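# Architecture at a glance
The lines below spell out each chain.
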Amino acid sequence: MNILLTVGTHEQPFQRLISAVEEIIDSGRQNYCWKVQYGVGSFREHERVESVQYFSASEIAARFEWADIVISQASPGIVFNALERNAWPLVIGRQKQYGEHVDDHQLDFASLADENGWATEIKRTSDIADHILKCSENVSVYRDQCKEAMKRSHSNTVAFRDRFWSATLTESV
């Protein structure tokens, strides 16, 4: 099972997610192959784990192609890039209370993505290992879900714009 962890390029660290994944890697319970983009956070060197602060655009595209699962912040760009490349997204929202973002909008998107079948929302970092195991046991089911989600990609984009961007524009006017 190939797993890409990416925290994106946001200027606040997402150490809560990185540390949870490090615990999974350190446990050695499963023989997963990892590639990690950790951003402004920190990630210890691990044997057989490729880790970088940031990937270039072409490098991240190649990692999406390689991955079976993408674990990430709840970002539309990451979710739809993963689906397009048949990698199932497991997403967790950055939270203001932990200094991970300026607000909690990613929690809303994670919930919306899960409700619409675009990703699996991870509510607690302690649940990541269970979600990975479930995906690894049902790879073909998740591949089919990726294909179905991409068939609906236009309506996904419209739903996202309607729910988030329209509300933001209305509030700021």
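Procedures and definitions
Residues numbered from 1 in each chain as written. Predicted model: local features only at pLDDT ≥ 70, side-chain atom pairs only at ≥ 80, totals over all residues. Heavy atoms only, no water. Phe/Tyr/Trp six-rings, centres within 6.5 Å; stacked < 30°, edge-to-face > 60°. Buried < 20%, exposed > 50% of the residue type's maximum accessible area, 1.4 Å probe, protein only. Lys NZ or Arg CZ within 6 Å of the ring centre and 35° of its normal. Pairing = 2+ DSSP bridges. Helix = DSSP H or I, 4+ residues; strand = E, 2+ residues; numbered from the N terminus. Arc of directions from axis to C-beta. Contact = heavy atoms within 4.5 Å.

## Notes on the packing of aromatic side chains
Scanning the entire structure with this criterion turns up 4 aromatic pairs. Plain terms: the ring middles of Tyr 32 and Trp 34 are 6.5 Å apart, the flat faces sit at 80 degrees to each other, and that makes the pair edge-to-face. Trp 34 shares its class with Tyr 32; the two are buried. On the basis of an interplanar angle of 35 degrees and a centroid distance of 6.2 Å, the ring pair of Phe 109 and Trp 118 is categorised as tilted. By the burial criterion, Phe 109 is buried, and Trp 118 matches it. An aromatic cluster is defined as three or more aromatic residues linked by ring pairs; in this entry it consists of Phe 80, Phe 109 and Trp 118. Across the ring face of Trp 66, the terminal group of Lys 35 is positioned such that the distance to the ring centre comes to 4.7 Å.

## What about the sheet that holds strand E5 (residues 88-92)?
As summarised here, the arrangement of the 6 strands in space is E3-E2-E1-E4-E5-E6, forming an open sheet in which the pairing is parallel. Looking at strand neighbours, the two that pair on one side only are strand E3 (49-52) and strand E6 (120-121), the edges of this open sheet. The pairing of strand E1 (residues 2-6) with strand E2 (residues 33-37) spans 5 bridges and is classified as parallel. Across the sheet, the residue bridging to Leu 5 is Val 36, located in E2.

## Details of helix H5 (residues 128-137)
Restricting attention to buried positions, one finds in H5 the residues Ile 128, Ala 129, Ile 132 and Cys 135. Considered in projection along H5, the buried side chains sweep an arc of 125 degrees and stay on one side of the axis. More than 90 degrees from the buried face of H5, the exposed residues found are Asp 130 and Glu 137. The secondary structure elements touched by the buried residues of H5 are E1, helix H1 (15-27), E2, strand E4 (69-73), E5 and helix H6 (139-151).

## Concerning unusual backbone geometry
Look at Arg 48: it is not a glycine, yet its phi comes out positive at around 65 degrees. The residue Arg 48 is located in the loop between E2 and E3 in this model. The exposure class assigned to Arg 48 is exposed, which follows from its relative accessible area of 69%. Here the phi dihedral of Asn 86 falls at roughly 65 degrees; this positive angle occurs in a residue that is not glycine. Assignment of secondary structure puts Asn 86 in the loop between helix H3 (76-84) and E5.

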